[in-house]
Amino acid sequence: MKWLGALAVAVLLALPAVLSSYALTVFILILFYGFLGQAWNIVGGYTGQLSAGHAAFVGVGGYTAALLSSEYGLTPWLGMFVGAALAAGLGAVIGYLGFRFGLRGFYFVLLTVAFAEVCRILVSNVDALGGALGLYITFTGNPRQFQFQDQRAYYYIALALLLLATGVVAGIERRRFGIYLTAIREDETACEALGVDTFKYKMLAMVASSFLTGLGGTFYAFYLFSLQPSTVFGIPLSVEIVIRPIIGGAGTLLGPVLGSFILTPLAELSRQYFGQSGLHGAHLIVYGVLLISVVLFLPRGAYPVVRRLFRRA
Amino acid sequence: MSAPGPQPARPGPLLSVERLSRSFGGLQAVKDLSFAVDEGEIVALIGPNGAGKTTAFALLSGFLTPDAGRVSFRGHDLRGLRPHQVNALGLARTFQIMRPFPRLTVVRNVMIATLGRHASPAVAEARARDILAELDLAAKADVQAASLTLAERKRLELARALGTEPVLLLLDEVMSGLTGAETERIVELVRGVNRRGVAILLIEHVMRAVMSLAQRIVVLNYGERIAEGRPDAVARDPRVIEAYLGDEGVSGAPA
């Protein structure tokens, strides 16, 4: 299994040499959404706390790095950590409210959505933050400004983010922290009875997850050169973050990556296909059908199936 | 087994329950309940269904807060402590409706308990396997907990509680629904745990087991203590016979 992982990383490192520029864009999205899904996986997959508002952390991270760069000249390479820290702070607030007051299941989902929506509305109405129009980043092509002429640079940054998040999750999985998280997902009451401080571990999971997601915000801002409240804080982005790990296998190390490899190309193809025929948004139907099929036929995602195939081979 | 957690702040019984009360809406589930458990003792809490036994357990283990009264354990006032904090002091409980982590393996289930005392997963796993071997579950260590039989689940519940290395173990009907032989085995295991110095407070309807295990019995009815004493004395108490045991007395388990 170890050499398989090394092989996969080697292939991903070599890949840009042979990709067309369109294919490169698709791969950047695969890696980036895989990264966001992996960050979500910590709290949503392993811990079973279904955050449906993770876009808020992308937004906070992206806006922070963009504003620090444009207003104070701070390089986004540092700004991304400030943004991630603020996203983690927001994650801590949401986690505190949800976990201290025992909001479980749908109620936690609603809390996270509500926070993301409040962020969106707030940012849309503050002119200093660009208001509803958002922020636009002038292209300089300066690597110090997190900007590159060569698209392959974004590819490698996205790959680095994905490897970072996957490494973090692999580390968590092996430690006491990760073992506790999987038990919290199964039965919090039993955990408490066995001496597990469920509040503390859920908070840690939320903070780690929102920090990583916040890092992604900077990539989002400087890859697309623009931030709109409706996109970075919006429900559609939250759905994009959640749906990949669920389809790939929530609470498994490779589920989010697999999910992104399945879903991102599919989304791109159907977006293109339906977009050309004037059916904008029809790719969401594909998402819906896929999600229903997974829930019905593969309730634990695609990863267990793929692993079985590999074991047999 | 070494005693975990802080040492007693002052001498006294291991567990002392003083005038504990708790109601749910208009229902007084536990009323003015007082009793104590000494170091190394086995005490049974019996009474008809709805007498407040499980509520009492929830009050002792931090899952419910009392309306009045106090619980002290090893000299610590348990007021305001959350369940995991109570557990860390050395008081472990099982659940009447068993709560295994169904999708985790049996050994992982026990590791959730042992990790609290041994932060290293490797050590915690070794400790968990020792406990499983003791409870005849070694062969099931690597299967999912969801696939266990009722009797195995009861033993897993016990294994997990033991994994937290308690000085007082609260057992909520770990024998109900078991066959005679399975019950015998659990009685034997509980006695073995007690012999190592772990005090035990058990809720049980299987009277034969209660009579053979308990050194003292506390009888509840409508949330109140109606009798307390040595098993033979309690079994002859007319109030207990009327409220709970019935005319057949101690000869078998009530229906």
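*Asks:* Would you explain the overall build of chain B in this entry?
*Replies:* When its secondary structure is counted, chain B shows nine helices and 10 strands. Dimensions of chain B along its principal axes, counting C-alpha atoms only, are 55 × 40 × 35 Å. Taken across its 255 residues, chain B has 47% of its residues classed as buried. Partitioning the intrachain contacts of chain B with sequence separation of at least 6 by distance along the chain shows that 65% fall at a separation of at least 24.

*Asks:* Would you take a moment to explain the sheet that holds strand β4 (residues 68-73) of chain B for this structure?
*Replies:* Hydrogen bonding along the main chain pairs the strands of a sheet, whether they run parallel or antiparallel. Residues and elements named next belong to chain B. Strands sit in the order β2-β1-β4-β5 across an open sheet of four strands; the sheet is antiparallel. The open sheet has two free edges, formed respectively by β2 (27-37) and β5 (76-77), since each of these has just one partner strand. Note: β4 against β5, two bridges, orientation antiparallel. In the sheet register, Ser72 faces β5, and the bridge partner there is Asp77. Contacting β1 (15-24), β2 and β4, helix α1 (residues 53-60) runs over the sheet at an angle of about 65° to β2.

*Asks:* How should the pairing of strand β8 (residues 199-203) of chain B be read in this particular structure?
*Replies:* A regular strand places its side chains so that they alternate between the two faces of the sheet. All names here are of chain B. Buried residues dominate β8, accounting for five of its five residues. Relative to β8, strand β3 (residues 42-46) is paired through four bridges, and the arrangement is parallel. Among the inter-strand pairings, Leu45 is bridged to a residue of β8, identified as Ile203. The sheet contact formed by strand β7 (residues 168-172) and β8 spans five bridges and is parallel.

*Asks:* Help me out: how do you make sense of the environment of Ser270 of chain A in this one?
*Replies:* Residues and elements named next belong to chain A. Structurally, the position occupied by Ser270 is in helix α12 (residues 255-276). Given 17 C-beta atoms within 10 Å, Ser270 falls into the partly exposed group. Sequence separation between Ser270 and Gly281 is 11 residues, and the spatial gap between their C-alpha atoms is 9.2 Å. Other than its neighbours up to four places away in sequence, Ser270 contacts Ala282, His283 and Val286.

So, how was this worked out
- Residues numbered from 1 in each chain as written.
- Chains lettered and ligands numbered in written order.
- Predicted model: local features only at pLDDT ≥ 70, side-chain atom pairs only at ≥ 80, totals over all residues.
- Helix = DSSP H or I, 4+ residues; strand = E, 2+ residues; numbered from the N terminus.
- Buried ≥ 20, exposed ≤ 12 C-beta atoms within 10 Å, placed from the backbone.
- Contact = placed C-beta atoms within 7 Å.
- Pairing = 2+ DSSP bridges.
- Axes fitted to C-alpha atoms, helices over the stretch in contact; angles between N-to-C directions.

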